[in-house]
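# Residue-level structure breakdown
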2 protein chains.
Amino acid sequence: MNAEPADPGLLALAQDFREALRHSIYLVRRLDADGELSAAQLSTLKMLMDSSPASAGAGASGSGVRVGEIARNLGVKVPSATEQIIKLERAGLARREPDPNDSRAVRVTLTREGRAAVESANERRNTVMAGILLSLSDDDRAALAAALPVIGKINATLQA
Amino acid sequence: MNAEPADPGLLALAQDFREALRHSIYLVRRLDADGELSAAQLSTLKMLMDSSPASAGAGASGSGVRVGEIARNLGVKVPSATEQIIKLERAGLARREPDPNDSRAVRVTLTREGRAAVESANERRNTVMAGILLSLSDDDRAALAAALPVIGKINATLQA
DNA sequence: CGTTCATAGTTAGGTAGCCTAACAGTTAGG
DNA sequence: CCTAACTGTTAGGCTACCTAACTATGAACG
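Residues numbered from 1 in each chain as written. Chains lettered and ligands numbered in written order. Predicted model: local features only at pLDDT ≥ 70, side-chain atom pairs only at ≥ 80, totals over all residues. Heavy atoms only, no water.

### Some details on the overall build of chain A
Applied cut-off: Numbered from the N terminus, helices here are DSSP runs of H or I no shorter than four residues, and strands are runs of E no shorter than two. The buried label applies to any residue whose accessible area, calculated with a 1.4 Å probe on protein chains only, is under 20% of its type's maximum; exposed applies above 50%, and partly exposed to all values in between. We call two residues contacting when some pair of their heavy atoms lies within 4.5 Å. Shrake-Rupley sampling with a 1.4 Å probe provides the accessible areas, and residues are treated as covered by the protein chains on show and by no other component.
Per the secondary structure count, chain A includes six helices and three strands. Going residue by residue from the N terminus, the α and β elements of chain A occur as α-α-β-α-α-β-β-α-α. Scored against the burial criterion, the 160 residues of chain A give a buried share of 44%. Taking all contacts inside chain A whose residues are at least 6 apart in sequence as the whole, residues at least 24 apart take part in 54%. As displayed, chain A offers around 8600 Å² of accessible surface, 55% of which is attributable to carbon and sulfur atoms.

What follows is the structure, encoded as structure tokens:
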């Protein structure tokens, strides 16, 4: 199993990082507790927003995101994605349309309300987080900023 | 509402940080999927381990952690803590004993198996994480290491 | 063409973890 | 004492996730 004995410094860093993430979950939980949109739903909406830049409502080729793709992007299984989407649809935040090219597939798009909801929810959470960051020193903020791309890389690793 | 217009850089950092954490949840999820102990249970066990350094089995004053304290440390409500503890107890990983000084209270301690379980689970997760970190550059690792205390501060903010 | 295999989503049923509300027992104060 | 405050547990409910089974469409091939 243990092909790598792994150097102790690396393991220590791994441990500390895991610890930090584990605690951060409660931070996220608190941010998400602020109302209306659950964490999962906000994630889903945000993903939809990122995937369909802005533009068109109806027309073109790539309008909407397929359920399977949503699931993959969110790191969940397809039925879980379906479930979320149905809830969003019922809430009037997303729309499901048949794919003209493949009638097995479903294309999911944000409604205007969905777009507004994710924007306002994001804004509110950002404000709260900014308030927390405000209590840090400049150096601390700089250190945090420097690490974010690294964390991004780590997260990207997982997609592979 | 918006007493603070808040400087745009701070908001951007807040947004990026939130984003990083949001994605990291999937990382944590993957790490925790590796078997036996759920995330919540590992958190609980780890907390118990941290709170009762090592030492005695039965004796002294501070042996064990009270349910309310566990809940506070984990950022959950008391009934949720009770639920976790009962599961751990059934699994033979923790023990519940009446507090000799206050019969309302319950003192929770790890069993030998509990201690072993948290150690091995941690070790396995650390190894996986170390493997991921191995793919980073030295600079990246340094940046990450520098940010961890900052994230720790942020998390500590919440306890207050 | 028509069978067969693969792909896309949905439905059904189950689990974990969290919450609030209601309850029981203990301690402490008037 | 008797009441108020505190510590846990129980009961009931919700969200989000999972696997397995099903439906419907598409695609490949003889």
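### Quick word on the protein's contact with DNA strand C
The criterion, for reference: Think of it this way: one heavy atom of a residue within 4 Å of a molecule or strand is enough to make that residue near it. Any pair of N or O atoms that falls within 3.5 Å is considered a polar contact. Within protein, one atom must be able to donate a hydrogen and the other to accept it, and sequence-neighbouring residues count only if both atoms are side-chain atoms.
If you check the shell around DNA strand C, you find 24 residues, and the closest are T82 and R96 of chain A together with S38, S103 and R104 of chain B. When the atoms of DNA strand C within 4 Å of the protein are sorted by group, sugar and phosphate make up 74%. Between DNA strand C and R29 of chain A, the relevant distance is 3.5 Å, taken from a phosphate oxygen to a side-chain nitrogen or oxygen of the residue. V106 of chain A is positioned such that a nitrogen or oxygen atom in its backbone is 3.3 Å from a phosphate oxygen of DNA strand C.

### Things to note about the relation of the copies chain A and chain B
The criterion, for reference: Least squares is the method used to superpose the copies, on C-alpha atoms of residues holding a pLDDT of at least 70 in both.
With an RMSD of 0.1 Å, chain A superimposes on chain B once it is rotated by 180° and translated 0.0 Å along the axis. The relationship between the two copies is best expressed as a two-fold rotation axis. Every residue of chain A has its C-alpha some distance from the rotation axis, and the shortest such distance is that of A147 of chain A, at 3.0 Å.

### Let's talk about the side chain of R125 of chain B
Assignment of secondary structure puts R125 of chain B in helix α5 (residues 112–134). Beyond its immediate sequence surroundings of up to four residues, R125 of chain B is in contact with R18 of chain A together with L31, D32, D34, L37 and L42 of chain B.

### Brief notes about the protein's contact with DNA strand D
The line we're drawing: Classification convention: Asp, Glu, Lys, Arg as charged; Ala, Val, Leu, Ile, Met, Phe, Trp, Tyr, Cys, Pro as nonpolar; all other residues, Gly among them, as polar.
Taken together, 24 residues sit near DNA strand D, with S38, S80 and S103 of chain A together with T82 and R96 of chain B positioned nearest. The share of sugar and phosphate among atoms of DNA strand D within 4 Å of the protein is 76%. Interatomic distance of 3.3 Å between a side-chain N/O atom of E83 of chain A and a base nitrogen of DNA strand D. A distance of 2.9 Å separates a base oxygen of DNA strand D from a polar atom in the side chain of R104 of chain B. Every element with two or more residues in the surface near DNA strand D is listed here: α4 (78–90) of chain A together with α3 (67–74) and α4 (78–90) of chain B. If you tally residues by element for the surface near DNA strand D, the top one is α4 of chain A, at five residues. Of the residues in the surface near DNA strand D, the class split is nine nonpolar, six polar and nine charged.

### Digging into the interface of chain A and chain B
Interface size is commonly expressed as the accessible area that is lost once the parts come together. For clarity, the cut-off: Note: buried area is the sum, over both parts, of the accessible area (probe 1.4 Å) each one loses when the two are combined. Salt bridge, as applied in this entry: a Lys or Arg side-chain nitrogen positioned within 4 Å of an Asp or Glu carboxyl oxygen.
Each partner contributes to the interface: chain A provides 52 residues, whereas chain B provides 51 residues. Buried surface at the junction of chain A and chain B, both sides included, amounts to about 5300 Å², of which 70% is carbon and sulfur. The interface formed by chain A and chain B includes four salt bridges. The interface formed by chain A and chain B includes 18 residue pairs in polar contact (both at pLDDT 80 or more). Mapped onto the side of chain A that touches chain B, the elements with two or more residues apiece are α1 (8–32), α2 (39–51), α5 (112–134) and α6 (138–159) of chain A. In terms of residue count, α1 of chain A provides more of the side of chain A that touches chain B than any other element does, 21 residues in total. Of the residues in the side of chain A that touches chain B, the class split is 30 nonpolar, ten polar and twelve charged.

So far we have only geometry, and geometry alone does not tell us how the molecule works.
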